[in-house]
Amino acid sequence: VQLVESGGGLVQPGGSLRLSCVASGFTFSTYHMSWYRQAPGKERELVATITSAGTTTYYADAVKGRFTISRNNGKNTVALQMNSLKPEDTAVYYCNANRGGRNYWGQGTQVTVSS
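Starting from 1, residues in each chain are numbered consecutively following that chain's sequence as written. Totals for whole chains, interfaces and linings use all residues, but because this is a predicted model, local features are given only for residues with pLDDT of at least 70 and pairs of side-chain atoms are given and counted only at 80 or more. Excluded from the side-chain calculations are hydrogens and water; all other atoms, namely the structure's heavy atoms, are used.

Student: Is there a simple way to think about the pattern of salt bridges in this case?
Tutor: Charged atoms that come close allow side chains of opposite charge to pair. What makes a salt bridge here is a side-chain nitrogen of Lys or Arg within 4 Å of a carboxyl oxygen of Asp or Glu, nothing more. Inspection of the entire model under this criterion finds four salt bridges. Of the charged contacts in the structure, one is a salt bridge between Lys64 and Asp61, with a shortest N-O distance of 3.1 Å. Relative accessibility decides the category of a residue: with a 1.4 Å probe and only protein chains considered, values under 20% of the type maximum give buried, values over 50% give exposed, and everything between is partly exposed. Using a relative accessible area of 67% as the deciding quantity, one classes Asp61 as exposed. Shared partners join several salt bridges into a network, and the residues in it are Arg37, Glu45, Arg66 and Asp89.

Written out as structure tokens, the structure is:
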């Protein structure tokens, strides 16, 4: 099983980034997919979730209206479009796959929002 994130980097406040996660080794279309983040000294927190068929999404209040999660079951990918980024969005972002309590994690990608 592999989840490989990409797309992180340094961006100025107000800017945008698009994170991508490519999955392999499991039946991607049967798993709910999420993005989590962990800032220094803080616990890992859920950012956004999309159900296996892509019909329902959930967002943390802190990112609602700014971030959009999407998936492509034909390509085994999930993305997180992040707009209007704020310094408090700085964190390592992790891709997660979940089904019935079975969890897979990526290695994470660093997002830094700073002027």
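Student: What exactly am I supposed to notice about the nonpolar core here?
Tutor: Note on soluble globular proteins: their nonpolar side chains tend to be buried together. Residues enter a nonpolar core if they are buried and are Ala, Val, Leu, Ile, Met, Phe, Trp, Tyr or Cys, with the set joined through side-chain atoms within 4.5 Å. Among the nonpolar cores identified, the biggest contains 31 residues, and Leu3, Met33, Trp35, Val78, Leu80, Met82 and Tyr93 are the most heavily contacted of them. Counting residues per element, the ones that place at least two in this core are β3 (17-24), β4 (32-38), β5 (45-50), β7 (67-72), β8 (77-82), β9 (91-99) and β11 (109-113). Here a strand is any run of E in DSSP of at least two residues, a helix any run of H or I of at least four, and the numbering for each starts at the N terminus.

Student: What exactly am I supposed to notice about the environment of Leu10 here?
Tutor: If you trace the backbone, Leu10 turns up in strand β2 (residues 9-11). Spatially, the C-alpha atom of Leu10 lies 22 Å from that of Ser70, the residues being 60 residues apart in sequence.

Student: What is the right way to look at unusual backbone geometry in this model?
Tutor: Phi is positive for Asn76, which is not a glycine, with a value near 55 degrees. Within the secondary structure, Asn76 sits in the loop between β7 and β8. One non-glycine residue, Ser84, lies in positive phi territory at about 50 degrees. Positionally, Ser84 belongs in the loop between β8 and β9.

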